[in-house]
Amino acid sequence: MARWLPRSTDLTRFCQKLNRVKTLEDDMMETSFNRCLSTIDLTLLGIGGMVGSGLYVLTGTVAKEIAGPAVIVSFIIAGFASLLAALCYAEFGARVPKTGSAYMFTYVSVGEIWAFLIGWNVLLEYMIGGAAVARAWSGYLDSIFNHKIKNFTETHVGTWQVPFLARYPDFLAAAILLVATAFISFGAKVSSWLNHVFSAISMGVILFILIMGFVLAQPKNWSTQEGGFAPYGLSGIMAGTATCFYAFVGFDVIAASSEEARNPQRAVPRAIAFSLGLATGAYILVSVVLTLMVPWHTLDPDSALADAFYRRGYAWAGFLVAAGSICAMNTVLLSNLFSLPRIVYAMAEDGLFFQVFSRVHPRTQVPVVGIVVFGLLMALLALVFDLEALVQFLSIGTLLAYTFVAASIIVLRFQQHKGDVPTPGASGQPNAEPHEGPSGGELKEYESFSDKLHLVDRGKSKEQREPGQLKAAFEPYLEFLSDFYPGEVVTVAVVTLMVSAICLCSILVFGNTHLHLPTWSYSLLLVLFSLGFLLSLLLIWVHEQQHSTQTFQIPLVPLSPALSIILNIYLMLKLSYMTWLRFAVWLLLDSIKGE
């Protein structure tokens, strides 16, 4: 039996991997990719990633089945939560202009194991996002032809009665993904040009929807006779918010493309702000006109906007909306297929994925192997899986990535500057541990977060406070915290903050329903975990942080990332238990692959 127990050396190695962080190159602009994307290119990529099936399909689905006309409020809350996450991405994208998005951000601040976990979840996000959009694209095209494609498939191919699988194989969705994969393989310039064309058409159609929709609006559709504005109450609004996160997942394509931006320090933050603002406004306004045009309980979840115009007697407008939605969904497909291979490339470069995916084509300067392989996998998902199951599965992976990026911002902001840490080996310290890829490729150097804490000069004068050190104003009151290494208290406080947030949100979501807590214990637990959250926040705030005027920095740190963390965790807990079950299976597969 003893031979099955882990050895002490294995446990030590595991703990070292748990907090080993990646050390970036001195020249952050050096890359094997083609830096050809401007701020406008990145902004349109972000808009293309967010305004697609979420606008044309998800809006109707959430309005009819989850929130009613209060889907507007769901989008406002989801937009605010996404804004907090987007600001975190903007700071990282400007400071670390390397491909990899949330995976890379987690790796350089928190550690390898967490980066591996987030990397796989980002892959899941993009694969499911592409597959879901392809199925929505197919549904809208089918609605133009009066569902003849669906009827033909069901008649001549057959149907399935299997949970989580689609009713019939969607060959059209798989085909469009294969075509999009071929175009993405030609390079970033071709992808950007196609995105510009489809985005221009999409924005024109959205403007038409808003003008025509307000003309046809009927306020009685929000009246009590039709069920009222919020028929499912606050619970429905928050559940709708969790699902509506699907609409905003596309902005991280900008961070994933930062290694191909001409001036990432300026372009990435601006593009994220512009694209998220425009997308949020579009979702809110379209939700207003959709629920005012027709009663919310009569919406067609598969093609809500086009169907609303058809039912109001404007068949030509419905046709135009359906055609515009196809263009919008094309931009999302391009966005997903553009980002996913670059995440895979970053993981392969670090030895956490097969080395073949780190190859960049010498002429097109894109990771062609990753594009082709994952394009085929997306096509397979779109062929057999149900759209609704895919959408909810997508939200949880996205929220987890947002949570880790927000925590990484706090950790990184209170770390020592790279120049303040003595060079390994210069003062008798061991060299950073090399990490070799699975195929014995080029060695990458890493250092653990604990190394960063210990390799500091603790003899610095009290007047020159470094990031992670206790502020001078609080030293007379919190002198015992001065005995810790710079950043050590902050790291412990971040972990405590996340645990407190999980417990607090669990009580808020399940306290009165699943747990059936009496009022006194419910209130006591809320107070205790709220105090734990606020105390952790206070402990972080009393330490010095990095201040840079060279790149964008999110304001109000650590408050802004902390709010993002607690909002993301709350929305994750609002998702259905089946979503968590499928997510747990995916994490189990990740751990098996990690071994």
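Remember, predicted model here, so these are calculated numbers, not experimental data.

A. Region of interest: the pattern of salt bridges. In total, this model carries four salt bridges according to the counting rule given. Across the salt bridge formed by glutamate 91 and arginine 95, the nearest N and O atoms sit 3.6 Å from each other. Taken together, the positions of glutamate 91 and arginine 95, both in helix H4 (residues 71-95) and four residues apart, correspond to about one turn of that helix. Taking relative accessible area as the criterion, arginine 95 reaches 23% and is therefore assigned partly exposed. Here arginine 413 ties to glutamate 91 by a salt bridge, and the two come within 2.7 Å at their closest N and O atoms. Placement of arginine 413 in helix H16 (residues 387-413) and of glutamate 91 in helix H4 is noted, with a sequence separation of 322 residues between them. Taking relative accessible area as the criterion, arginine 413 reaches 3% and is therefore assigned buried. Here the salt bridges do not stand alone but share partners, grouping Glu91, Arg95 and Arg413 into one network.

B. Main features of the confidence of the model for the chain. Across the chain, the average pLDDT comes to 80, with 82% of residues at 70 or higher. The least confident element of the chain, judged by mean pLDDT, is strand E2 (residues 434-435) at 47; the most confident is helix H19 (residues 519-541) at 94. Residue range residues 419-445 is modelled with pLDDT below 50. Its contacts to residues more than four positions away, or to other chains, number 43 contacts. Counting contacts from residues 452-462, a segment whose pLDDT is below 50, to residues more than four positions away or on other chains yields 23 contacts.

C. Region of interest: the packing of aromatic side chains. With the rule as written, the count across this model stands at 23 aromatic pairs. Ring geometry for tyrosine 89 and phenylalanine 251: centres 5.3 Å apart, planes at 85°, overall edge-to-face. Of this pair, tyrosine 89 sits in helix H4 while phenylalanine 251 sits in the loop between helix H10 (233-244) and helix H11 (252-256); the two residues are 162 residues apart in sequence, bridging distant segments of the chain. Taking relative accessible area as the criterion, tyrosine 89 reaches 1% and is therefore assigned buried. Among the aromatic residues, ring-to-ring pairing joins Phe116, Trp120, Phe353, Phe354, Phe357 and Phe374 into one connected group. Sitting over the face of the ring of tryptophan 541, lysine 471 holds its NZ or CZ atom 4.7 Å from the ring centroid.

Rules behind the numbers
Residues numbered from 1 in each chain as written. Predicted model: local features only at pLDDT ≥ 70, side-chain atom pairs only at ≥ 80, totals over all residues. Heavy atoms only, no water. Salt bridge = Lys/Arg side-chain N within 4 Å of Asp/Glu carboxyl O. Helix = DSSP H or I, 4+ residues; strand = E, 2+ residues; numbered from the N terminus. Buried < 20%, exposed > 50% of the residue type's maximum accessible area, 1.4 Å probe, protein only. pLDDT = per-residue confidence, 0-100. Contact = heavy atoms within 4.5 Å. Phe/Tyr/Trp six-rings, centres within 6.5 Å; stacked < 30°, edge-to-face > 60°. Lys NZ or Arg CZ within 6 Å of the ring centre and 35° of its normal.

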